[in-house]
Amino acid sequence: MSEGDRGDARWIAQVARSWSPAPLDEAGRTRFDARLRERLAESRERGAWRPRAVWAGVAMAGALAALVGLGIFGGRPPFRPPATPAEDAARVAWEWDLLLGGEGSGELGEALPDDDLPEEWKAIASVFLAP
Amino acid sequence: MDATGAVAARAQQAVADEALDTLEARFASFVASHRERARQLAWRLVNGDHGAAEDVVQEAFLRAYRALPHFRAEAQLSTWFYRILVRQAANHRRWRAVRERLGGWGSPDAPDPSAPTPGDPALRARIGAALEQLTRRQREVFVLIHLEGFTVRETAEMLGRPDGTVKSHLHRALSRLRRELGDLREPEPEHQEERA
């Protein structure tokens, strides 16, 4: 054994002695064993219920799969025919109403006649929106 | 049920009872043989926390009980048992780290005042702090080989790692601990005599 190894052996032995819990006394061993027996009994009880819980889980998963397969619960949304241009326009108008506070009346979705605009706005509209 | 059926059922029950008695006896003997060493190993791995060490050991024994029928040789079972114990200790440390990160959520481990630890508390704190600086694998390898006296082969088997990896972890652990704790020396024999 080299000098370095002997040096290591000394401090390691000191660590081993100092870094150690007190051994259990008779009362400690009895308490430990009693708690272990208690946990074993609990574990056995859980073990008795486990097969039933597994079967219940399998049954629930099967029922859920059946519902999904039938389209009752989740799955694909029902088929809807594509919207016509008129329906699209109405939907856009309704969304604008909702967004701007028209409460779905559709009045804000309709094109405003230029005559109703103030003069300055008409000038701006003529610059930007002129055909 | 006819008389023959009843006799057969009773015989079957007797065999089952005997098997259970044998299992219980084997388990009791296993617990008695490994209780103290397992407790010490767990305590060393969870940084000197008595309550956590006991939880870790109990959980490992519960798993050993369930696995007992699958092991014929005690040696195989004990290697497997210590492997489970080391893993349980690592899980405990991981959860403790999560709890600490979440700002003390859950029940933090508190030192058990009913479990006094012998020796110098300052030295123990110093050793605990030095071991905490190691990585998980370095700590496990150092504790298993140098403090618990397992061989490199047994340790490699417990940790599910090749021997070379275990030796490499051990080398790094020793280099680091030598810097932190290398000044510790056991009292020389003559000094011990003087004290006595």
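Since we're looking at a predicted model, the values are computed, not measured.

## Considerations on the overall build of chain B
Part 1 of the reasoning: On a plain count of helices and strands, chain B comes out with 8 helices and 0 strands.
Part 2 of the reasoning: When the helices and strands of chain B are listed from N to C terminus, the series reads α-α-α-α-α-α-α-α.
Part 3 of the reasoning: By residue count, 40% of the 196 residues in chain B fall in the buried class.
Part 4 of the reasoning: Partitioning the intrachain contacts of chain B with sequence separation of at least 6 by distance along the chain shows that 67% fall at a separation of at least 24.
Part 5 of the reasoning: Total accessible area on chain B stands at roughly 11,000 Å², and carbon and sulfur atoms take up 53% of it.

## A few points about the packing of aromatic side chains
Part 1 of the reasoning: Taken as a whole and assessed by the stated rule, the structure comprises 11 aromatic pairs over all chains.
Part 2 of the reasoning: Consider the rings of A:Trp11 and B:Phe142, whose centres lie 6.3 Å apart with planes at 15 degrees: the pair is stacked. Note that A:Trp11 is positioned in helix H1 (residues 3–18) and B:Phe142 in helix H5 (residues 136–147), a pairing that runs across two chains. Both residues of the pair, A:Trp11 and B:Phe142, belong to the buried class.
Part 3 of the reasoning: Considering the side-chain rings of B:Phe30 and B:Phe61, the 6.1 Å spacing of their centres and the 90 degrees angle between planes classify their relative orientation as edge-to-face. Of this pair, B:Phe30 sits in helix H1 (residues 3–45) while B:Phe61 sits in helix H2 (residues 50–67), placing them 31 residues apart in sequence. Residues B:Phe30 and B:Phe61 agree in their burial class; the two are buried.
Part 4 of the reasoning: Here the aromatic residues A:Phe32, B:Phe27, B:Phe30, B:Phe61, B:Tyr65, B:Phe81, B:Tyr82 and B:Phe150 are joined through ring pairs into a cluster of three or more.
Part 5 of the reasoning: Across from the ring centre of B:Tyr82, 5.9 Å away, lies the NZ or CZ of B:Arg37, which sits over that ring.
Part 6 of the reasoning: Note that B:Arg37 overlies the ring of B:Phe150, its terminal NZ or CZ placed 3.9 Å from the centroid.

## Comments concerning unusual backbone geometry
Part 1 of the reasoning: In the Ramachandran plot, B:Asn47 falls in the positive-phi region, its phi being about 60 degrees despite a non-glycine side chain.
Part 2 of the reasoning: Summarising the element assignment, B:Asn47 is placed in the loop between H1 and H2.

## Considering the side chain of B:Gln138
Part 1 of the reasoning: Inspection of the secondary structure assignment puts B:Gln138 in helix H5.
Part 2 of the reasoning: On the basis of relative accessible area, B:Gln138 is assigned to the buried category, the value being 8%.

## Things to note about the pattern of salt bridges
Residue and element names in this part refer to chain B.
Part 1 of the reasoning: One pass over the full model with this rule turns up 19 salt bridges over all chains.
Part 2 of the reasoning: Taking the shortest distance from any N to any O, the salt bridge between Arg 39 and Glu 36 comes out at 2.7 Å. Note that Arg 39 and Glu 36 are positioned in helix H1 at a spacing of 3 residues, about one turn of the helix.
Part 3 of the reasoning: By relative accessible area, which is 29% here, Glu 36 ends up partly exposed.

## Some details on helix H3 (residues 74–101) of chain B
Part 1 of the reasoning: The terminal C-alpha atoms of H3(B) lie 40 Å apart, and with 28 residues this matches the ideal 40 Å at 1.5 Å per residue to within 8%.
Part 2 of the reasoning: Backbone geometry just downstream of H3(B) places B:Gly103 in the positive-phi region, at approximately 75 degrees.

## So, the interface of chain A and chain B
Part 1 of the reasoning: Each partner contributes residues to the interface: chain A has 27 residues there, and chain B has 42 residues.
Part 2 of the reasoning: Counting each side, the surface lost to burial between chain A and chain B is near 3,400 Å², with a carbon and sulfur contribution of 61%.
Part 3 of the reasoning: Counting across the interface, chain A meets chain B through 8 salt bridges.
Part 4 of the reasoning: Linking B:Glu59 and A:Arg39 is a salt bridge whose minimum nitrogen-to-oxygen distance equals 2.9 Å.
Part 5 of the reasoning: In this assembly, chain A and chain B are joined by 16 residue pairs in polar contact (both at pLDDT 80 or more).

## Observations concerning the confidence of the model for chain A
All names here are of chain A.
Part 1 of the reasoning: Put simply, chain A has an average pLDDT of 73, and 58% of its residues get 70 or more.
Part 2 of the reasoning: When pLDDT is averaged over each helix and strand of chain A, the minimum, 67, is found for helix H3 (residues 85–100) and the maximum, 84, for H1.
Part 3 of the reasoning: Counted against residues more than four places away or in other chains, residues 102–112, with its pLDDT under 50, gives 13 contacts.

Rules behind the numbers
- Residues numbered from 1 in each chain as written.
- Chains lettered and ligands numbered in written order.
- Predicted model: local features only at pLDDT ≥ 70, side-chain atom pairs only at ≥ 80, totals over all residues.
- Heavy atoms only, no water.
- Helix = DSSP H or I, 4+ residues; strand = E, 2+ residues; numbered from the N terminus.
- Buried < 20%, exposed > 50% of the residue type's maximum accessible area, 1.4 Å probe, protein only.
- Contact = heavy atoms within 4.5 Å.
- Areas by Shrake-Rupley, 256 points an atom, 1.4 Å probe, with all protein chains shown as cover.
- Phe/Tyr/Trp six-rings, centres within 6.5 Å; stacked < 30°, edge-to-face > 60°.
- Lys NZ or Arg CZ within 6 Å of the ring centre and 35° of its normal.
- Salt bridge = Lys/Arg side-chain N within 4 Å of Asp/Glu carboxyl O.
- Expected span 1.5 Å × (residues − 1).
- Buried area = accessible area lost by both parts, 1.4 Å probe.
- Polar contact = N/O pair within 3.5 Å; in protein donor to acceptor, adjacent residues only side chain to side chain.
- pLDDT = per-residue confidence, 0-100.

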